[in-house]
Each structure stands twice: as structure tokens, then as C-alpha cells.
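# Results of the structural survey
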Amino acid sequence: MKKGLLSYGFILWVILASAGAYLLWSKYAKLRFGIDLVGGTYITLDVGVEKAIQSNLEERLLSLKKNLKRNHVPEPVSAKIENGTLTLKFASPADVQAASPIIKTSLSELERDVQGNSFIVRFPASVEEQLKANAVESVRDVLDQRLNKHGTSEVLVATKGTRNITIELPDVRDREKA
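These remarks concern the structure in this document. (Residues numbered from 1 in each chain as written. Predicted model: local features only at pLDDT ≥ 70, side-chain atom pairs only at ≥ 80, totals over all residues. Heavy atoms only, no water.)

## Observations regarding helix H5 (residues 125-147)
Note the following rule: Each helix is a run of DSSP H or I of at least 4 residues and each strand a run of E of at least 2, with the numbering of both proceeding from the N terminus. The span expected for a helix works out to 1.5 Å for each residue beyond the first. Exposure is judged per residue with a 1.4 Å probe applied to protein chains only, and the accessible area is read against the type maximum: over 50% gives exposed, under 20% gives buried, and values in between give partly exposed. Should any heavy atoms of two residues lie within 4.5 Å, those residues are considered in contact.
Its 23 residues give H5 an end-to-end C-alpha distance of 33 Å, which sits within 8% of 33 Å, the value for a rise of 1.5 Å per residue. Among the residues of H5, those classed as buried are Leu 131, Lys 132, Ala 135, Val 136 and Arg 140. Each element contacted by the buried residues of H5 is listed here: helix H3 (49-70), strand S6 (156-160) and strand S7 (164-170).

## Things to note about the pattern of salt bridges
Basically, it comes down to this: Salt bridges are defined by distance alone: a side-chain nitrogen of Lys or Arg within 4 Å of a carboxyl oxygen of Asp or Glu.
On inspection of all chains with the given rule, the structure shows seven salt bridges. Residues Glu 50 and Arg 163 are paired through a salt bridge, measuring 2.9 Å at the closest nitrogen-oxygen approach. Here Arg 163 lies in the loop between S6 and S7 and Glu 50 lies in helix H3, a separation of 113 residues in the sequence. For Arg 163, a relative accessible area of 26% gives the class partly exposed. Residues Glu 137 and Arg 140 are paired through a salt bridge, measuring 3.2 Å at the closest nitrogen-oxygen approach. Here the residue Glu 137 and the residue Arg 140 both occupy positions in helix H5, the gap between them amounting to three residues, near one helical turn. Exposure remark for Glu 137: the relative accessible area of 34% places this residue in the partly exposed category. Residues joined in a network through salt bridges with shared partners are Asp 46, Glu 50 and Arg 163.

## As for the sheet that holds strand S5 (residues 118-122)
Where we set the bar: The rule for pairing is simple: two strands pair if DSSP sees at least two bridges between them. Helix axes are fitted only over the stretch in contact, all axes being lines through C-alpha atoms; the angle between N-to-C directions runs from 0 to 180 degrees.
One open sheet accounts for four strands, arranged S2-S3-S5-S4; its pairing is antiparallel. The sheet terminates laterally at strand S2 (78-82) and strand S4 (111-115), the two strands that pair on one side only. Averaged over all pairs of adjacent strands, the angle between strand axes in this sheet comes to 15°, irrespective of strand direction. Summarising the sheet, S4 and S5 pair through five bridges and their orientation is antiparallel. Of the residues in S5, the one forming a bridge with Asp 113 is Ile 120. Sitting on the sheet, H3 touches S2 and strand S3 (85-89), and the angle it makes with S3 is about 30°. Together, S3, S4 and S5 form the strand contacts of helix H4 (residues 93-106), whose direction differs from that of S5 by roughly 20°.

## So, the packing of H3 against H4
Where we set the bar: Oblique is the label for every angle not falling under 35 degrees (roughly parallel), over 145 degrees (roughly antiparallel), or within 65 to 115 degrees (roughly perpendicular). Crossing handedness is defined as follows: a turn of the near helix away from the far one that is anticlockwise and smaller than a right angle gives a left-handed crossing, while the clockwise case is right-handed. Residue polarity is assigned by list, with Asp, Glu, Lys and Arg as charged and Ala, Val, Leu, Ile, Met, Phe, Trp, Tyr, Cys and Pro as nonpolar; anything else, Gly included, falls into the polar class.
Where H3 meets H4, the closest approach of the two axes is 10 Å, and the angle between their N-to-C directions is 140°. Put simply, H3 runs oblique to H4. Our pair here, H3 against H4, has a crossing hand that is right-handed. Contact with H3, carried on its side by Leu 64, Asn 67 and Leu 68, involves Ala 99, Ile 102, Ile 103 and Ser 106 of H4 and no other residues of that element. Residues belonging to the contact of H3 with H4 are distributed by class as follows: five nonpolar, two polar and no charged.

## Regarding the pairing of S6
Pairing geometry for S6 and S7, over five bridges, is antiparallel. Pairing of Lys 160 across the sheet is with Asn 164, part of S7. The turn linking S6 back onto S7 is made up of three residues, and Gly 161 within it adopts a positive phi angle of 75°.

Shown next as C-alpha cells:
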């Protein structure tokens, strides 16, 4: 009798061990380990934050030109955006004076300076840093949404510093595929 119970106990133990192994193996097969455990590709991207500043200045320039035209004030003869600075060159100092109130109203949050026939406009340092941070964060969000479409992937997308984004692709060895 004892021998029969031991046989059934052993068979039960084998069945339970097999079922447990199957459950663990099926879960293990679905796990995706991070780059620190399985290796992979680590990519650092530089975000063109200067383009975000330039784009914002371009939008403001278009809006300013519409306001000048609407108020029948002479428009600048040239406009140049360079290194985060918008330089508006007018035909004469009188045109600068005529445009000055509209520029001050339209671009109130920007730093303004008059030099001869030119009006020079730039973002204050704090606003410029915020625009750059927003640009990096929005690019990071887009990359995160595209790389982790269904929320099941383990691709890490993070900001690094003030202008870089790092991407960790576990188990991807081919840089071209990455």
C-alpha cells in the first residue's frame, strides 16, 4: 500500500512540476530583458533646438507683418533670423518709429532694440530655454509613442542633458536596423 501511494505521489509531483515548468517557460518566453541583461543598441540623438527657436521667430514675423499691413505701417525691407535673433531692417528711421508701437505690442514678451534703421528682436534667456526644453520633450514623446506603440515594448526613450535624447533598444545588434 505504501509503495502505491509513493508511486502516485511521485506521479503527482512530476505532473505539478511539469505544469509549473510549462507556466514559467511560457511567461519567460514573453519577457523582454533590458539592454543591461541582453545587450543591444544605445543611440543618442541631438535635437535641433535652434530650429525650434527659428520656427517660433518665423511665426512671429509672419504675424507681425500682417499687423503692420493691417495698420498701414511700412513693412521691413528685409528680415533675417540668425542665432536666435530676428533683425528687421526698415527703409528709414521714420519707418522704424512708425512700426515701433506695433512691434512692441505684437512682440511684447521679446527683448527689443533699435539700431539705426533696424529693429532687433530676441527671446529672453528664460523663454529661449523653455522653448528648447519643450522641443526636446515633444521629440522625446513622439519617439516614445512610435517605438512603444502598444505599450508592451521595453524601448527606453529618455532625455539626456538639454538637447539630447537617448534610446536603448534591447536585443538589437544591427545599428542599421536600429
